[in-house]
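Coordinate inspection notes
One letter stands for each residue in the lines below.
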Amino acid sequence: MNTFIPSENELTGKVILVTGAGDGIGKAAAIHYAKYGATVILLGKTVKKLEAVYDEIIEAGYPQPAIIPLDLKGATQKNYRDMAATIESEFGRLDGLLQNASVLGALTPFEHILDETWDLVMKVNVTAQFQMTQALMPVLKKSPQASIVFTSSSVGRKGRCFWGTYSISKFATEGMMQVVADEYENTNIRVNCINPGATATTMRARAYPSEDQSQLKTPDEIMPTYLYLMADQSVSVNGQSLDAQSK
Ligand SMILES: NC(=O)c1ccc[n+]([C@@H]2O[C@H](COP(=O)([O-])OP(=O)(O)OC[C@H]3O[C@@H](n4cnc5c(N)ncnc54)[C@H](OP(=O)(O)O)[C@@H]3O)[C@@H](O)[C@H]2O)c1
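**Here's the deal with the nonpolar core**
Counting residues in hydrophobic clusters, the biggest one holds 34 residues, and the most contacted among them are Leu17, Met83, Leu94 and Leu136. Elements represented by at least two residues in this core include exactly strand E1 (15–19), strand E2 (39–44), helix H3 (77–91), helix H4 (115–140), strand E5 (146–151), helix H5 (164–183) and strand E6 (189–195). Take this core: its biggest share by element is 8 residues, from H4. The contact partners of Leu17, leaving out residues within four places of it in the chain, are Ile41, Leu43, Met83, Ile87, Leu94, Gly96, Leu97, Leu98, Met132 and Leu136.

As structure tokens, this is what we get:
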């Protein structure tokens, strides 16, 4: 799947929500989904970044996207339920949900993890994804074939020293994916994870400040797996944690 080549209209007619769509991997995914015909709902914290992605999609002649400005740090279940109601009234259904937005927190020894770091990372990376996914289930059920994609990490499969809260949050992501995938097995909803692997983004630069990012894959280069899991070719794939980069 990391060599997947979509057809020109692979995602035509699909409505796909991408969180963290203003930057990094989420931005690349939103633009690629639009390029292959999807109507993309751009959700993120910084409105200016979302507007820039919106403009890029319009200028390229792709389907008109929508913007949902939302800071996951302070968002409540009511925000997510209202969002689901708006999506239902505007589009009638949701075909894809890419849970991509995350924060790194601080890389520190376990004994130095601050409560506020723990609370922020768990809120954005875990609680927000749980509440949003739960609220969106009714609109995902209205799609003929819906795909939920969570974003994992290598440190969500094997713990690593100093990656504390972030690593623990990604284990929770993998667990959430497995629980929901098992529960919705044999329905119209499939649920999987992608581990992007080392990718040149702001988050990666924060984690590895002295690294030469020109040696890393760019977000655009890891898109085949992101496209595959939203395309109908992956309808029978459920409960998997895929790598976007070959080892
Ligand atoms: N890059 C890598 O090497 C790598 C490796 C493994 C896993 N990942 C995972 O891949 C995903 C994307 O990471 P990335 O590298 O693209 O990171 P990034 O460049 O830092 O982008 C993160 C995105 O999440 C959004 N976001 C952060 N906090 C938010 C909040 N409170 N509310 C709403 N949106 C928020 C950001 O919006 P603003 O820009 O507006 O803050 C941004 O659009 C994450 O889940 C990350 O854990 C990345």
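So much for the structure itself; the text now carries on.
**A word on the site of the ligand**
Of all residues adjacent to the ligand, which total 30 residues, the nearest are Thr46, Lys49, Asn100, Tyr166 and Thr201. In the model, a nitrogen atom of the ligand is placed 2.8 Å from a nitrogen or oxygen of the Asp71 side chain. The backbone of Leu72 places a nitrogen or oxygen atom 2.8 Å from a nitrogen atom of the ligand. For the ligand, whose accessible area on its own is 890 Å², the fraction buried by protein is 92%. In a pocket analysis with a 2 Å cut-off to the grid points, the ligand is assigned to the largest pocket. For the shell around the ligand, the secondary-structure elements that each account for two or more residues are helix H1 (24–35), H5 and helix H6 (202–207). A total of 3 residues in the shell around the ligand trace back to one element, the largest contributor, which is H6.

**Let's talk about the packing of H4 against H5**
Two elements in contact, H4 and H5, have axes separated by 9 Å at closest approach and are oriented at 15 degrees. By the angle class used here, H4 and H5 are roughly parallel. For the pair H4 and H5, the sense of crossing is right-handed. Contacts between H4 and H5 pair Thr117, Trp118, Val121, Met122, Asn125, Val126, Gln129, Phe130 and Met137 from the former with Thr165, Tyr166, Ile168, Ser169, Ala172, Thr173, Met176 and Val180 from the latter. In terms of residue class, the contact of H4 with H5 is built from 11 nonpolar, 6 polar and no charged.

**Thoughts on the pairing of E1**
The buried fraction of E1 is high, at 5 of 5 residues. Side chains of E1 alternate between two faces, with Val15, Leu17 and Thr19 and Ile16 and Val18 buried alike. By the bridge criterion, 5 bridges tie E1 to E2 in an arrangement that is parallel. The residue of E2 that forms the bridge with Val18 is Leu42. Each parallel crossover has a hand, and the one from E1 via H1 to E2 is right-handed.

**Looking at a negative patch on the surface**
Residues Glu51, Asp55, Glu56, Glu59, Asp220 and Glu221 make up a contiguous surface patch of negative charge. As for its position among the elements, Glu56 is in helix H2 (residues 47–59). For Glu56, a relative accessible area of 39% gives the class partly exposed.

So, how was this worked out
Counting restarts for each chain: residues are numbered from 1 in the order of the written sequence. Selection of residues for local features in this predicted model requires a pLDDT of at least 70, selection of side-chain atom pairs for listing and counting requires 80 or more, and totals for whole chains, interfaces and linings are taken over all residues. With hydrogens and water excluded, all non-hydrogen atoms of the structure serve as input to the side-chain values. We define the nonpolar core as a collection of buried residues of types Ala, Val, Leu, Ile, Met, Phe, Trp, Tyr and Cys that are connected through side-chain atoms lying within 4.5 Å of one another. Three labels apply to residues, based on accessible area from a 1.4 Å probe with only protein chains included: buried if under 20% of the type maximum, exposed if over 50%, partly exposed otherwise in between. For the purposes of this entry, the term helix denotes a DSSP run of H or I that reaches at least four residues, the term strand denotes a run of E that reaches at least two, and both are numbered from the N terminus. By definition in these notes, contact holds between two residues if any of their heavy atoms fall within 4.5 Å. Here a residue counts as near a molecule or strand whenever at least one of its heavy atoms sits within 4 Å of it. Polar contacts, as counted here, are pairs of nitrogen or oxygen atoms within 3.5 Å of one another; within protein the pair requires one atom able to donate a hydrogen and one able to accept it, and residues that are adjacent in sequence qualify only if both atoms are side-chain atoms. Areas reported as accessible are Shrake-Rupley estimates using a 1.4 Å probe. Residue values count occlusion only from the protein chains shown. Method remark: on a 1 Å grid restricted to protein atoms, a set of points is classed as a cavity if a 1.4 Å probe fits but cannot get out and as a pocket if it is open with protein on both sides within 12 Å along at least five of seven lines; lining residues have an atom within 4 Å of a point. For a molecule to be placed in a cavity or pocket, more than half of its atoms must lie within 2 Å of the grid points of that cavity or pocket. Interaxial angles span 0 to 180 degrees and are taken between N-to-C directions of axes, which are lines fitted to C-alpha atoms, for helices over the stretch in contact. Oblique is the label for every angle not falling under 35 degrees (roughly parallel), over 145 degrees (roughly antiparallel), or within 65 to 115 degrees (roughly perpendicular). Should the near helix be turned anticlockwise from the far one by less than a right angle, the crossing is termed left-handed; should it be turned clockwise, right-handed. Three categories are distinguished: nonpolar for Ala, Val, Leu, Ile, Met, Phe, Trp, Tyr, Cys and Pro, charged for Asp, Glu, Lys and Arg, and polar for the others, with Gly belonging to the last. The pairing criterion for strands is at least two bridges between them, as found by DSSP. Handedness of a crossover: with both strands directed away from the viewer, a clockwise path from the first strand across the helix to the second marks it as right-handed. Candidate patch residues must exceed 30% relative accessible area and have no salt bridge, after which like charges are joined if within 9 Å and Val, Leu, Ile, Met, Phe, Trp or Tyr side chains if within 5 Å. Between Lys or Arg on one side and Asp or Glu on the other, a salt bridge is scored when a side-chain nitrogen of the former is within 4 Å of a carboxyl oxygen of the latter. The convention is simple: Lys and Arg are positive, Asp and Glu are negative, and His and the chain ends are not counted. Charge coordinates come from a single atom per side chain, which is NZ of Lys, CZ of Arg, CG of Asp or CD of Glu.

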